[in-house]
Amino acid sequence: TPNNDGINETWKPIVTTYGEYSLVIMDRWGMVVFETIDIEAEWDGTHEGRDVPAGNYNYRLVFTNCEFQKEIYNRRLTVIR
């Protein structure tokens, strides 16, 4: 809920990785609105400095787990304003 109330202003997956990490967030048409390889990076609900519309966004998370196996998750998150 990135709405400037000081609560839940950013979002990031909570994972422990032992190597590769990437996060890509896309709108419903597949346009990338956020992309990072920094495990500490958080998305603030903006794209190119402007608030994204409320709604559903897809994300792809790739990381190396503690057994040094690659994990890939394709999930959805919802922006509420």
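The following paragraphs examine the structure supplied in this document.

### A look at the overall build of the chain
What the chain contains, in helices and strands, is 0 helices and 6 strands. Its helices and strands taken in sequence order, the chain reads β-β-β-β-β-β from the N to the C terminus. Classification of the 81 residues of the chain by burial places 31% in the buried group. Contacts in the chain between residues at least 24 apart in sequence constitute 48% of all its contacts with a sequence separation of at least 6. Looking at charge distribution, the chain has the averaged site of its 8 positive side-chain charges lying 8 Å from that of its 13 negative ones.

### Considering the environment of Arg-76
Tracing the backbone shows Arg-76 in strand 6 (residues 70–79). Judged by relative accessible area, Arg-76 falls into the exposed class, the value being 56%. In this structure, the C-alpha to C-alpha distance between Arg-76 and Asp-27, residues 49 residues apart in sequence, is 9.9 Å. If sequence neighbours within four positions are ignored, Arg-76 has contacts with Asn-56, Tyr-57, Asn-58 and Tyr-59. In terms of polar contacts, Arg-76 uses its side chain to reach the side chain of Asn-58, at 3.5 Å.

### Description of the pairing of strand 2 (residues 32–36)
Bridge analysis of strand 1 (residues 21–26) against strand 2 gives 4 bridges, and the strand direction is antiparallel. When the sheet's bridge partners are listed, Ile-25 is paired in strand 2 with Phe-34. In textbook terms, the turn of a hairpin is the stretch between consecutive antiparallel strands, and for strand 1 and strand 2 this stretch comprises 5 residues, one of which, Gly-30, has a positive phi near 90°.

### Description of the sheet that holds strand 5 (residues 55–64)
Ordered in space as 2-1-5-6, the 4 strands form an open sheet in which the pairing is antiparallel. Each edge of the sheet is formed by a strand with only one pairing partner; in this case those strands are strand 2 and strand 6. Between one strand axis and the next, the sheet turns by 15° as a mean value, whatever way the strands run.

### Re the packing of aromatic side chains
Inspection of every chain in the model, using the stated rule, returns 4 aromatic pairs. When the ring of Tyr-18 is compared with that of Phe-68, the centres are 5.9 Å apart and the planes differ by 65°; the resulting orientation is edge-to-face. Of this pair, Tyr-18 sits in the segment before strand 1 while Phe-68 sits in the loop between strand 5 and strand 6, and the two are 50 residues apart along the sequence. Its relative accessible area of 59% is what places Phe-68 among the exposed residues. Centre to centre, the rings of Phe-63 and Tyr-73 are 6.1 Å apart; their planes meet at 15°, and the pair counts as stacked. Linking Phe-63 in strand 5 with Tyr-73 in strand 6, this pair joins segments that are 10 residues apart in sequence.

Conventions adopted
- Here, residues in each chain are numbered from 1, in the same order as that chain's written sequence.
- Per-residue local features of the predicted model are confined to residues with pLDDT of at least 70, and side-chain atom pairs are confined, for both listing and counting, to 80 or more; whole-chain, interface and lining totals are unaffected and use all residues.
- Excluded from the side-chain calculation are hydrogens and water; included are all heavy atoms of the structure.
- Secondary structure counts use DSSP, requiring at least four H or I residues in a row for a helix and at least two E residues in a row for a strand, with both numbered from the N terminus.
- Per-residue accessibility, obtained with a 1.4 Å probe over protein chains only, is compared with the maximum for each type, and a residue is labelled buried under 20%, exposed over 50%, and partly exposed between these values.
- Here, residues are in contact when the closest pair of their heavy atoms is within 4.5 Å.
- For this count, His and the chain ends are skipped, Lys and Arg are scored as positive, and Asp and Glu as negative.
- Taken as the charge location is NZ of Lys, CZ of Arg, CG of Asp or CD of Glu.
- Any pair of N or O atoms that falls within 3.5 Å is considered a polar contact. Within protein, one atom must be able to donate a hydrogen and the other to accept it, and sequence-neighbouring residues count only if both atoms are side-chain atoms.
- A pair of strands is treated as paired once DSSP finds two or more bridges between them.
- Axis definition: a line fit to C-alpha positions, over the contact stretch in the case of helices; interaxial angles, taken between N-to-C directions, run 0 to 180 degrees.
- Within 6.5 Å between ring centres, the rings of Phe, Tyr and Trp (the latter by its six-membered ring) count as paired, and their orientation is classed by plane angle as stacked under 30 degrees, edge-to-face over 60, tilted in between.

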